[in-house]
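Summary of structural features
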Amino acid sequence: MSTLNYQERIPNNVNLGENRQLQRALEHWQPAFLEWWKAMGPEGFQAADVYLRTATSVDAAGWATYGTVKMPDYRWGIFLADQEADRRIGFGDVMGQPAWQQVPAEHRSTLRRLIVTQGDTEPASVEQQRLLGLTCPSLYDLRNLFQVNVEEGRHLWAMVYLLHAYFGRDGREEAEELLQRRSGHADNPRILGTFNEPISDWLSFFMFTYFTDRDGKFQLKSLAESGFDPLARTCRFMLTEEAHHMFVGDTGVARVVRRALEVMKEIGSDDPEAVRRAGAVDLPTVQRYLNFWFSSSLDLFGSDQSSNAATTFANGLKGRPDESRFADHVCSGQVFELEVPDGQGGSRVEQVAMRNAMNEVTRQAYVADCEIGVKRWNRLVQKAGVDFELKLPSIRFRRNIGSWAGSHVTPDGKQIDAETWTNRQGEWLPSEADRAFIHSLMKQVVEPGKMASWIAPPDRGINNLDVNYEYVHLQ
Ligand code: BYC
Ligand code: FE
Ligand code: FE
């Protein structure tokens, strides 16, 4: 077990107290982080008392310590999963060599880029979600939003720790820039596409936490395999927190669906307009939001043929999620059969070196994981006896990165011409009218025990508390 210095200003299990220089660098960054949090964190709730979990150590007893705290006083800490004795690198050309405790000089800029890209998504998501509290459907949901937000803040700390501890001056500069880029900003946006999309309603928030936080899960799993041991250990611990973020999305969408089904039963109709008039979200609209966020999140895995991915795999910097489920960890002679557009409205199979297809391998694992929740949502629909099925669109649908970028493809994978796409995309993606309708539902509900009209209550509360518990005490 690693020791914990929770008494220090920055709670940590990395013996920060023994490294004065690093401690000073982080104590210098901390006020800048707090400034950022106050400016870009949840709008209107900085003085509220929120029932939150805080990590105070990485073991079962300490990783989820619950208590009431004002968000600016949250103790964002630095926690790495325990070090494994004699850990070896598990893939690539360096397979079997001892994991690195320092950054190998030849991989410095690549590793920094990976860490910065990971780090950039964390504050980006907080920025994207900063106004949602003003339209929360209940105190329970408000609290979950804030739990996600403070933990994404902690994930930023996790990456900033690595930058400060292992990358010297460049690392400190990158850490500052992580607080300067802004989601959706015209001149200084966040690095990856999805993290510049606005999240201005709760249906988008639930889709984001289901689909985009799940990209986080798979990227963190890949980085948890890294030969750079401090990165691997940081990501392992982050994954324990990630589960709750995806739970929020999974159960959030389920509750929207359940409420739609209740309303359909009450009014005896499945007409989308009638469902809307009764104050719920019709299922075709849920499908369009799903199409939007799933396709956007698929782009986050990068190109299906990527020399970057081949290099980071070969060099032991980034593996595949759950590397241990594969038999071959070197993949030097293997090929991957990739379907690419043939330029004539069809597709052809290209033989791609396996290492170059690693982004696609990870994307496939991600898609399979996404299916699980969709099945659960559909079970609710079937049980209600309603003839409707939510579906993940084809992975070729609305792609902006990779071989299918720029092709016009329907959700069931059929290629169409540009004109048909323009005429029909309103069937597949949220239209202005859909967004206006969803926004019209977004009215703040903050009385303990009350729930907005468009969403069913959750099955249970947080940490065995009642659903109606006052999770956020407003000032
Ligand atoms: N948008 O060879 P390519 C999370 C860039 S989510 C814009 O195709 P590569 C979270 C790419 O960066 C997890 N740019 O792909 C979730 C590269 O640029 P440079 C985040 C994109 O490099 C919710 C160029 O295109 N973590 O934690 O193999 C809430 C060519 O790249 C996009 C990570 O992503 C895009 N969608 O892989 C909070 C892990 N896609 O370097 C948090 C770290 C690609 O030539 N990142 N590009 O300037 C990586 O491992 C890789 O950078 C990527 C791309 C997987 C993103
Ligand atoms: Fe995160
Ligand atoms: Fe997350």
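The structure presented is a predicted model; accordingly, all values stated were derived computationally and were not measured. (Residues numbered from 1 in each chain as written. Chains lettered and ligands numbered in written order. Predicted model: local features only at pLDDT ≥ 70, side-chain atom pairs only at ≥ 80, totals over all residues.)

By nearness alone, 26 residues border ligand 1, and G216, G302, S303, S306 and N308 come closest of all. Counting only elements with at least two residues in the shell around ligand 1, the list comes to α2 (108–128), α5 (202–223) and α9 (307–314). Here the element with the most residues in the shell around ligand 1 is α2; it accounts for seven residues. For the shell around ligand 1, the per-class residue count stands at six nonpolar, 13 polar and seven charged. (Near = placed C-beta within 6 Å. Helix = DSSP H or I, 4+ residues; strand = E, 2+ residues; numbered from the N terminus. Nonpolar A, V, L, I, M, F, W, Y, C, P; charged D, E, K, R; others polar.)

Before going further, it helps to examine the packing of α2 against helix α3 (residues 139–166). Orientation of α2 relative to α3, taken along the N-to-C sense of each, is 155 degrees, at an axis distance of 8 Å. With respect to each other, α2 and α3 are oriented roughly antiparallel. Between α2 and α3 lies a crossing of left-handed hand. Between α2 and α3, the contacting residues are I115, Q118, G119, E122, P123, S125 and V126 on the first element and N149, E152, G153, H155, L156, M159, V160, L162 and L163 on the second. (Axes fitted to C-alpha atoms, helices over the stretch in contact; angles between N-to-C directions. Parallel < 35°, antiparallel > 145°, perpendicular 65-115°, else oblique. Left-handed = near helix turned anticlockwise from the far one by under 90°. Contact = placed C-beta atoms within 7 Å.)

What follows deals with the environment of G406. Along the polypeptide, G406 turns up in the loop between α10 (358–383) and α11 (418–428). Distance in space between the C-alpha atoms of G406 and L300 is 16 Å, their sequence separation being 106 residues.

This part covers the nonpolar core. Ranked by size, the top nonpolar core spans 57 residues in total, and within it M207, V256, V257 and A260 carry the most contacts. Those elements that place two or more of their residues in this core are β1 (49–54), α3, α5, α6 (229–267), α8 (283–299) and α10. Tallying contributions element by element places α6 first for this core, with 10 residues. Residues contacting V256, with those up to four places away along its chain left out, are L203, F206, V281, V286, W454 and I455. Ranked by size, the runner-up nonpolar core spans 54 residues in total, among them V14, I115, F228 and M358. (Core = buried A, V, L, I, M, F, W, Y, C linked by C-beta atoms within 7 Å. Buried ≥ 20, exposed ≤ 12 C-beta atoms within 10 Å, placed from the backbone.)

What follows covers α3. With 28 residues, α3 should reach 40 Å at 1.5 Å per residue; the first-to-last C-alpha distance of 41 Å fits that figure. The element α3 is largely enclosed, with a buried count of 28 among its 28 residues. Where α3 terminates, the next one or two residues include G168, which has phi positive at roughly 55 degrees. (Expected span 1.5 Å × (residues − 1).)

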